[in-house]
Amino acid sequence: MFARITPYKMKSDSIDAATEMMHSLKDQIMSLDGIHQFMNVMQSDGSGYVISVVESEEASDKNADQVRALWANFGPYLEAIPTPEGYDVLVDWKI
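How each quantity is defined
- Residues numbered from 1 in each chain as written.
- Predicted model: local features only at pLDDT ≥ 70, side-chain atom pairs only at ≥ 80, totals over all residues.
- Heavy atoms only, no water.
- 1 Å grid on protein atoms, 1.4 Å probe; cavity = no way out; pocket = protein on both sides within 12 Å on 5 of 7 lines; lining within 4 Å.
- Points joined across faces, edges and corners; volume = space filled by probe spheres on them.
- Helix = DSSP H or I, 4+ residues; strand = E, 2+ residues; numbered from the N terminus.
- Nonpolar A, V, L, I, M, F, W, Y, C, P; charged D, E, K, R; others polar.
- Pairing = 2+ DSSP bridges.
- Axes fitted to C-alpha atoms, helices over the stretch in contact; angles between N-to-C directions.

So, on to empty space enclosed by the protein. Within the structure shown, the criterion is met by 1 cavity of 30 Å³ or more. Counted as a void, the largest cavity has a volume near 30 Å³. Taken together, Tyr8, Met10, Ala18, Thr19, Met22, Asn40, Met42 and Phe74 form the lining of the largest cavity. Secondary structure elements with two or more residues in the lining of the largest cavity: helix H1 (15-24) and strand S2 (35-42). Looking at which element gives the most residues to the lining of the largest cavity, the answer is H1, with 3 residues. Classifying every residue of the lining of the largest cavity by side-chain character gives 6 nonpolar, 2 polar and no charged.

Structure follows, in structure tokens:
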């Protein structure tokens, strides 16, 4: 498995609108090729991380254009367009 972790910063006055936008895009996000899990975490100042776990780095790379298009929806709400980082998943423990 492979994880993309993307740090981002929302404009402080746009957190509610961005959260609503994210929920409206759920079907598109969860239908990305090879996706296993999607998580978005944010602090009250608008800084956060998107963590997506996919089948492989190849699947993640294949989704790159779709992911960029999804992030484009958040353009008005972001302080800057974020840059994703990729990692091999060593463990994926769940209760």
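What follows picks up the thread again.
Moving on, we get to the sheet that holds S2. Here we have 4 strands laid out as an open sheet, ordered S2-S3-S1-S4, and antiparallel in their pairing. Strand pairing shows two members of the sheet lacking a second neighbour, S2 and strand S4 (85-88), which therefore form its edges. Each strand axis lies, on average, 20 degrees off the axis of its neighbour in the sheet, ignoring direction. Examined bridge by bridge, S2 and strand S3 (residues 47-54) share 7 bridges and lie antiparallel to one another. Residue Asn40 lies in a different strand from S3, and its bridge partner there is Val50.

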